[in-house]
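Notes for the structure review
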Amino acid sequence: MAEVYYVGVDVGTASVRAALVTRAGLLQSTAEEPISIWEPQADHYVQSSAEIWEKCCSVRVTQHVERSQVRGIGFDATCSLVVLDQSFQPVPVSQDGDRQRNVVMWMDHRAEEQAACITNAGHRVLNRVGGVMSPEMQPPKLLWLKENLKERCWNKAAHFFDLPDFLSWKATGSLTRSLCTLVCKWTYCPPEGWDASFWTSIGLEDLLENNSSKIGSVTCPPGSPLGDGLTREAAADLGLDPGTAVGASLIDAHAGGLGVIGADVKGFLLPCEDQPITTRMAMICGTSTCHMAISEQALFVPGVWGPCLSAMVPGMWLNEGGQSATGRLIDHVVKGHAAYAQLQERARQSLPFTGGNIYSYLNSHLSSMVNDGSAVDLLGSSLHVWPDFHGNRSPLADPTLKGMVREHYSKHQLIRLHIIYLKIVYSHNLLGTLHILDAMREAGHDIRTLFLCGGLSKNALFVQIHANATGLPVVLPDQMEAVLIGAAVLGHRRPETECALHDLLNDILGKVVQPDRELQSFYERKYKVFLKLFAHQREYQAIMNQR
């Protein structure tokens, strides 16, 4: 019998990727296309939904199989806000009025003031987002558009989509929204639905008109079949057959969590073996990092988003912690350093050993800097960093926090770059993870093993120090493109199969990285300093706010 395939399409921050996946969950081929990001002013980041869909159609992975062999397609994307008019044409979201730039990106922080006002109002929906409304969620962004672009945008807008739902609408014509997007980023709460008193209290009661048609009146769990599958127009654009199954979409991080959290760990003597899936935390490590923990009962974690029902795994509650800048912070710190040109030249010279990749070179050279075989972690022990250069998403939920660096001066610029890379990129992002873990455990989560995926999970040093800092084993899946596989699985779930999403994801375990227990005391001390950096920043703010 001929093999059947599923296509997963992942719209990340800066690119669209696609994968062809077998029924068994094995990756056959991948492709990638870049997408544009515009920054019309500070903290405003926008994209074009038309360009994104165009790249979804051009990033082909099915050229070498028959169309009839492709049984389903699934989409995931960043939780960005797409604005369309009554005719489903783009509406501008910036002062410059460019209609094609109609997407407010997830990392856009223009609505910090609106988010603070919503938080201060203290509505009960905040219980589902850790008690604090983030500027990365959709209500404050919607409020900003109404307050600042009423004529140019708000009055013309007829449809507000989360980007994953926009993609499934383009594919099927269905306006049904995924519970993943609405519950996690819009304050929707099943089974009750929208809380009308919330939208009224923040001045957005017009979104409730016509049965909330502008923001979604019909919902379904991720992976549920949408409409009659691909429309003729979408099928022609994508190079697939009309009627090909399309599953309700996921946010990109949630697709990664879905793709990694079900790995088969039998025989590896891990603390999560023969334990419920609730003892696992999935970490999706890319431009930002998302920490996904699920539970059978609703758990409320201060400063952590959720609990969200059926947002990732149907019938289970999700808590989502996160760091707004990890991979993005790496590039900012390394490429903005005075020794970057020197680093590039060194990496080029080491081409046979590191492939010319600057991060491979940094990792390799850090290992050579260690004396007497001691751990790389110990380098630069006198350098301390608070890593929230783009605010703190979790567990402090404070977008106003800034990064801090405390170091002993070294006059050798390239050595300083190595140590800052190590501490900012690894140790202190990982101490941020430990901070989130502590908050989740205190609220009742029993997390025993970490499951990593995303671009940074391919960096061996990042993974090892993650294990060392948290004291937990780290599992890497056999299929490294967990986000793409999670997206493809959305197209696999069909009514006749009657199977749950996580039953399709018993992926083969690829590798286990154990923590170095001898470093426990070192990280306990580093964590104490880490927390003091936050206390000091608050102290400095209080002094400067005195009149």
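Quick caveat: nothing in here was measured; it's all calculated off a predicted structure.

Reading the values: rules and limits
- Residues numbered from 1 in each chain as written.
- Predicted model: local features only at pLDDT ≥ 70, side-chain atom pairs only at ≥ 80, totals over all residues.
- Heavy atoms only, no water.
- Buried < 20%, exposed > 50% of the residue type's maximum accessible area, 1.4 Å probe, protein only.
- Helix = DSSP H or I, 4+ residues; strand = E, 2+ residues; numbered from the N terminus.
- Polar contact = N/O pair within 3.5 Å; in protein donor to acceptor, adjacent residues only side chain to side chain.
- Patch = residues over 30% accessible without salt bridge, like charges linked within 9 Å, V, L, I, M, F, W, Y side chains within 5 Å.
- Areas by Shrake-Rupley, 256 points an atom, 1.4 Å probe, with all protein chains shown as cover.
- Salt bridge = Lys/Arg side-chain N within 4 Å of Asp/Glu carboxyl O.
- Axes fitted to C-alpha atoms, helices over the stretch in contact; angles between N-to-C directions.
- Parallel < 35°, antiparallel > 145°, perpendicular 65-115°, else oblique.
- Contact = heavy atoms within 4.5 Å.
- Nonpolar A, V, L, I, M, F, W, Y, C, P; charged D, E, K, R; others polar.
- Core = buried A, V, L, I, M, F, W, Y, C linked by side-chain atoms within 4.5 Å.
- Domains from an automatic or database assignment.
- Buried area = accessible area lost by both parts, 1.4 Å probe.
- Pairing = 2+ DSSP bridges.
- Phe/Tyr/Trp six-rings, centres within 6.5 Å; stacked < 30°, edge-to-face > 60°.
- Lys NZ or Arg CZ within 6 Å of the ring centre and 35° of its normal.
- Disulfide = S-S within 2.5 Å.

1. Quick notes on helix α16 (residues 460–470)
With nine of eleven residues buried, α16 lies mostly within the body of the structure. Among the residues making up α16, those that are buried are Leu 461, Phe 462, Val 463, Ile 465, His 466, Ala 467, Asn 468, Ala 469 and Thr 470. Of the residues flanking the start of α16, the one acting as N-cap is Asn 459, its side-chain oxygen 3.1 Å from the backbone nitrogen of Leu 461.

2. Looking at a nonpolar patch on the surface
A grouping of Tyr 540, Ile 543 and Met 544 is seen on the molecular surface, where their side chains present a nonpolar patch of about 350 Å² in accessible area. Looking at the element boundaries, Tyr 540 is found in helix α18 (residues 520–544). Among the residues examined, Tyr 540 registers a relative accessible area of 45% and is labelled partly exposed.

3. Remarks on the packing of helix α11 (residues 327–335) against helix α14 (residues 358–368)
Relative to each other, α11 and α14 sit at 75 degrees, their axes nearing to 12 Å. Taken together, the axes of α11 and α14 are roughly perpendicular relative to one another. Along its contact with α11, which presents Ile 330, Asp 331, Val 334 and Lys 335, the element α14 presents Ile 358, Tyr 359 and Leu 362. In terms of residue class, the contact of α11 with α14 is built from five nonpolar, no polar and two charged.

4. Comments concerning the nonpolar core
In terms of nonpolar packing, the biggest core is built from 71 residues, with Val 83, Leu 142, Leu 145, Phe 160 and Trp 199 touching the most fellow members. The element that contributes the greatest number of residues to this core is helix α6 (residues 179–185), accounting for five residues. In this structure Leu 142 touches Leu 81, Trp 154, Phe 160, Trp 186, Trp 199, Leu 204 and Leu 207, once residues within four positions along its chain are discounted. Ranked by size, the runner-up nonpolar core spans 51 residues in total, among them Met 404, Leu 434, Leu 461 and Ala 467.

5. Here we look at the domain arrangement of the protein chain
The domains assigned to the protein chain are domain 1 (5–248) and domain 2 (280–472 + 516–546). Taking only C-alpha atoms into account, the centre of domain 1 sits 28 Å from that of domain 2. On the side of domain 2, 23 residues touch domain 1, which itself brings 23 residues to the contact. Counting the surface domain 1 buries against domain 2, the share from its top three residues, Trp 106, Arg 128 and Gly 130, is 25%. Where domain 1 meets domain 2, there are two salt bridges. Note that Lys 185 is salt-bridged to Glu 320, the shortest N-O span being 3.6 Å.

6. Details of helix α3 (residues 138–148)
Judged by how many residues are buried, α3 sits mostly within the fold: nine of eleven residues are covered. The set of residues buried in α3 consists of Gln 138, Pro 139, Pro 140, Lys 141, Leu 142, Leu 143, Trp 144, Leu 145 and Lys 146.

7. Overview of the sheet that holds strand β12 (residues 245–251)
Spatial strand order, β3-β2-β1-β6-β12: five strands in an open sheet with mixed pairing. Edge strands, defined here as strands with exactly one partner in the open sheet, are β3 (27–34) and β12. Ignoring strand direction, the axes of neighbouring strands in this sheet form an average angle of 15 degrees. For strand β6 (residues 70–77) and β12, the ladder comprises five bridges, and the chain directions are parallel. What sits directly across from Asp 76, in β12, is Leu 250. Strand contacts of helix α10 (residues 252–260): β1 (5–11), β6 and β12, with the helix running at about 105 degrees to β12, the strand carrying the most contacts. The sheet contacts of helix α17 (residues 482–490) involve β1, β2 (15–22), β3, β6 and β12, and relative to β1 the element is tilted by about 125 degrees.

8. Regarding the sheet that holds strand β9 (residues 159–162)
Taking strand neighbours across the sheet as the criterion, the five strands line up as β4-β5-β8-β7-β9 in an open arrangement whose pairing is antiparallel. Bordering the open sheet on either side are β4 (38–41) and β9, each of which pairs with just one other strand. Bridge analysis of β4 against strand β5 (residues 44–47) gives two bridges, and the strand direction is antiparallel. Of the residues in β5, the one forming a bridge with Gln 41 is His 44. The strands touched by α3 within the sheet are β5, β7 (81–84), β8 (103–104) and β9, with β7 carrying the most contacts at an inclination of about 40 degrees. Against the sheet, helix α5 (residues 163–172) touches β7 and β9, its axis set at about 105 degrees to β9.

9. Focus: the pattern of salt bridges
Taken as a whole and judged by the stated rule, the model has 15 salt bridges. Here Arg 393 makes a salt bridge to Glu 136, at a shortest N to O gap of 3.0 Å. Pair noted here: Arg 393 is in the loop between β17 (384–386) and β18 (404–406) and Glu 136 is in the loop between α2 (112–121) and α3, with a separation of 257 residues, a long-range link. Arg 393 sits in the buried class, given a relative accessible area of 6%. Asp 274 is paired through a salt bridge with Lys 266; the nearest N and O atoms lie 3.5 Å apart. Of the two residues examined, Asp 274 and Lys 266, each falls in the exposed class.

10. What to know about the packing of aromatic side chains
Under the defined criterion, the tally for this structure stands at eleven aromatic pairs. When the ring of Trp 194 is compared with that of Trp 199, the centres are 5.8 Å apart and the planes differ by 75 degrees; the resulting orientation is edge-to-face. A relative accessible area of 0% places Trp 199 in the buried class. The structure contains a cluster of three or more aromatic residues connected by ring pairs, namely Phe 88, Phe 161, Phe 166 and Trp 169. A cation sits over an aromatic face here: Arg 110 above Trp 144, 4.6 Å from the ring centre.

11. Some remarks on the side chain of His 159
Within the fold, His 159 resides in strand β9. A relative accessible area of 8% places His 159 in the buried class.

12. Here we look at the state of the cysteines
Between two cysteines, a covalent bond joining their sulfur atoms is known as a disulfide. With the rule as written, the count across this model stands at zero disulfides. Cysteine Cys 56 remains unbridged, with the sulfur of Cys 57 as its closest cysteine sulfur at 6.5 Å. Accessibility expressed as a relative area gives 3% for Cys 56, which makes it buried. No disulfide involves Cys 272; its sulfur sits 15 Å from that of Cys 453, the nearest cysteine. Owing to a relative accessible area of 1%, Cys 272 belongs among the buried residues under this scheme.

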